[in-house]
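Listed below, chain by chain, are the residues.
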Amino acid sequence: MSDGHGRTPETPPGWSAEQPPPYSAPQASPWTAPGSPPQAPYGQPYEPQGEAPQPPPYGPPGPQQPYPQSGYPQSGPGHPPPGHQPPGYGYMPPPALRPGIIPLRPLGLGDILDGTIKLIRSNPKAVLGLSAVAALLSAVPLAVGQAILFGSMGNMLEDPESASASLNSFYGLIAQYGGMIVSYVIQFVVVTVLTGVLTRILGRAVFGGNITAAEAWHLSKGRLPALFGVIGLMAVMMIVPLAVLVLVVAALAMSVNSADGAGLILGVVVLFLLAFVPYYLFITTRFAFAAPAVVLEGRGPIDAMRRSWHLVTGDFWRVLGILLLTSLLVGVVSGVLSVPFSFGGTLIGMLGGGSPGSAVVAAVFIAVGGTLSAMFSYPFQAGVSGLLYADRRMRGEAFDLVLQTAAIEQQRQGWVHASADELWHPSNSARS
């Protein structure tokens, strides 16, 4: 018998004496492609001659063969070998361009808040400097009024009746409310001017450019009349309902007796407040983008308010939520900055016995607290409003494509030209 290897000792009957060689692996072919390694005979492992390094064998790494660094865990059952992508791993788009304070794509809440902080940090001299001047101008009249009031009160702890009489006198009423009224009037003017200047700084900062306070004032001063028109129209919308309430309360006070009139008047005031709060939120949200439209797009007051109404349409609740959250954050931070100074100034004024020195120190404390509070709140609210405006244009008008194209060209040139301000004009939007 034979085991299939070699010739059998005996040839079976009828077979030829010359048989072919037994079956074995084919010999290596002498013909190979130029530059390829030589072929090994079938069934024999190929041993390299040292020309190229060989990859490590597949399997768990030994102590001297750690896996190369990659973005997923290197230990544990079933982790992929080097060079292998995990299941479901697809194409990752490149990050959006970010030449300035925001990425040039539709923005989330984090992008808006982060961009506002970057606006302040990227140009602190212009942003914080102008905000400090505006805050100081509006805080000084209020502080002076409080100082006069403290000086007229005398020693409140020793003679409370005298202090109460001072508060209710004509001089005391002027000290209490006169400074407040003057402060509000100044605040209306300086905040309107500051909003226009900060919006112009923001428009350039989106592209990564910085401008000085003087340049921002030069670019925005021509838009101030229209900006005052927008603020004035919104003020009228708020004052008219309040005036109606005053007339209704006065009519009720004259037509009913004192016993039944107090409850009726209180009920009317409560109902009015319940209706006025939603009205106030609706108006401020619908016209939140009127100021950016005036400054950056060059629109008039009525056209800017119509433009803001159009931009908010379809995203009202999101805009309202971000504005409310911004007001909450600003209120908390402003309170932290101002309350210690306001409390200290009030305490010094009350305990100073009406001396001129204590009144002056109290006024200084109150002014510093109000300035620090407003110096943060003014640019933060203007920044959030401006970036929300940019976000709505990117979502509704594909404005991010316009910004990206301009940013690529400016990066190629290596600097931000003043003509970048013209890109905010609605003629550059896909759907203006």
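Predicted model, so just to flag it, every value in this text is computed and none were measured. (Residues numbered from 1 in each chain as written. Predicted model: local features only at pLDDT ≥ 70, side-chain atom pairs only at ≥ 80, totals over all residues. Heavy atoms only, no water.)

The subject of this paragraph is a nonpolar patch on the surface. A grouping of Y177, M180, I181, Y184 and V185 is seen on the molecular surface, where their side chains present a nonpolar patch of about 520 Å² in accessible area. The topology assignment puts M180 in helix α4 (residues 170-205). (Patch = residues over 30% accessible without salt bridge, like charges linked within 9 Å, V, L, I, M, F, W, Y side chains within 5 Å. Areas by Shrake-Rupley, 256 points an atom, 1.4 Å probe, with all protein chains shown as cover. Salt bridge = Lys/Arg side-chain N within 4 Å of Asp/Glu carboxyl O. Helix = DSSP H or I, 4+ residues; strand = E, 2+ residues; numbered from the N terminus.)

Next up on the list: helix α9 (residues 301-312). If you check α9, its first and last C-alpha atoms are 17 Å apart, about what 12 residues at 1.5 Å a residue would give, namely 16 Å. Of the residues flanking the end of α9, it is G314, one or two places downstream, whose phi is positive at about 95°. (Expected span 1.5 Å × (residues − 1).)

Moving on to the pattern of salt bridges. Applying the stated criterion to the full structure yields 15 salt bridges. Between D111 and R105 there is a salt bridge; the shortest N-O distance is 3.0 Å. By relative accessible area, which is 17% here, D111 ends up buried. For E297, the salt bridge is made with R299, and the minimal N-O distance between the two is 2.5 Å. (Buried < 20%, exposed > 50% of the residue type's maximum accessible area, 1.4 Å probe, protein only.)

A few words now on the nonpolar core. Of all hydrophobic cores here, the largest spans 69 residues; its most connected members are I201, F289 and W424. Among the elements that make up this core, the one with the highest residue count is helix α11 (residues 356-397) (10 residues). Residues in contact with F289, not counting those within four places in the same chain, are S308, L311, V312, V319, S385, L388, Y389 and R392. Counting residues in each nonpolar core, the second largest holds six residues, with A143, A147, I366 and A367 among its members. (Core = buried A, V, L, I, M, F, W, Y, C linked by side-chain atoms within 4.5 Å. Contact = heavy atoms within 4.5 Å.)

As a further point, take the packing of helix α10 (residues 316-351) against α11. Viewed as axis vectors pointing N to C, α10 and α11 meet at an angle of 170°, and their least axial separation amounts to 7 Å. Our classification of the angle between α10 and α11 gives roughly antiparallel. Across the contact of α10 with α11, the residue classes tally to 18 nonpolar, 12 polar and four charged. (Axes fitted to C-alpha atoms, helices over the stretch in contact; angles between N-to-C directions. Parallel < 35°, antiparallel > 145°, perpendicular 65-115°, else oblique. Nonpolar A, V, L, I, M, F, W, Y, C, P; charged D, E, K, R; others polar.)

This part takes up the environment of A226. As for its placement among the helices and strands, A226 is situated in helix α6 (residues 224-255). We classify A226 as buried; its relative accessible area is 10%. Taking the C-alpha atoms as reference points, A226 and A291, separated by 65 residues in sequence, lie 8.8 Å from one another. Beyond its immediate stretch of four places on either side in the chain, A226 contacts V294, R299, G300 and P301.

This part takes up helix α8 (residues 290-297). Most of α8 sits out of view: eight of its eight residues are buried. Turning to α8, its buried residues are A290, A291, P292, A293, V294, V295, L296 and E297. Of the residues one or two after α8, G298 is the one with positive phi, at around 75°.

Between α8 and α9, the shortest axis-to-axis distance is 8 Å and the interhelical angle comes to 120°. With respect to each other, α8 and α9 are oriented oblique. As α8 packs across α9, the resulting crossing turns out to be right-handed. Facing α8, whose interface residues are A290, A293, V294 and E297, α9 presents A304, M305, R307 and S308. Taken together, the residues of the contact of α8 with α9 sort by class into five nonpolar, one polar and two charged. (Left-handed = near helix turned anticlockwise from the far one by under 90°.)

Take T285: it is sitting in helix α7 (residues 258-286). A residue is classified by how much of its surface remains accessible, and T285, at 1% relative accessible area, is buried. Here L281 takes part through its backbone oxygen, which lies 2.7 Å from a polar atom of the side chain of T285. With near-sequence residues (within four places) excluded, T285 lies in contact with V312, F316, V319, L320 and L323. (Polar contact = N/O pair within 3.5 Å; in protein donor to acceptor, adjacent residues only side chain to side chain.)

Counted by the stated rule, this structure contains 14 aromatic pairs. Relative to W424, the ring of F207 has its centre 6.4 Å away and its plane inclined at 70°; by these criteria the two rings are edge-to-face. Of this pair, F207 sits in the loop between α4 and α5 (213-220) while W424 sits in the segment after α12 (399-413); the two residues are 217 residues apart in sequence, bridging distant segments of the chain. Taking the relative accessible area as the measure of exposure, W424 reaches 0% and is therefore buried. The ring of F399 is capped by R393, whose NZ or CZ atom sits 4.0 Å from the centre of that ring. (Phe/Tyr/Trp six-rings, centres within 6.5 Å; stacked < 30°, edge-to-face > 60°. Lys NZ or Arg CZ within 6 Å of the ring centre and 35° of its normal.)

Its location among the elements puts N123 in the loop between α1 (109-122) and α2 (124-153). Of note is the side chain of N123, whose polar atom sits 2.8 Å from the backbone oxygen of I211.

Looking at the protein as a whole, its pLDDT mean stands at 77, while 68% of the residues score no less than 70. When pLDDT is averaged over each element of the protein, α9 comes out on top at 95 and helix α3 (residues 160-168) at the bottom at 60. Counting contacts from residues 58-76, a segment whose pLDDT is below 50, to residues more than four positions away or on other chains yields 19 contacts. (pLDDT = per-residue confidence, 0-100.)

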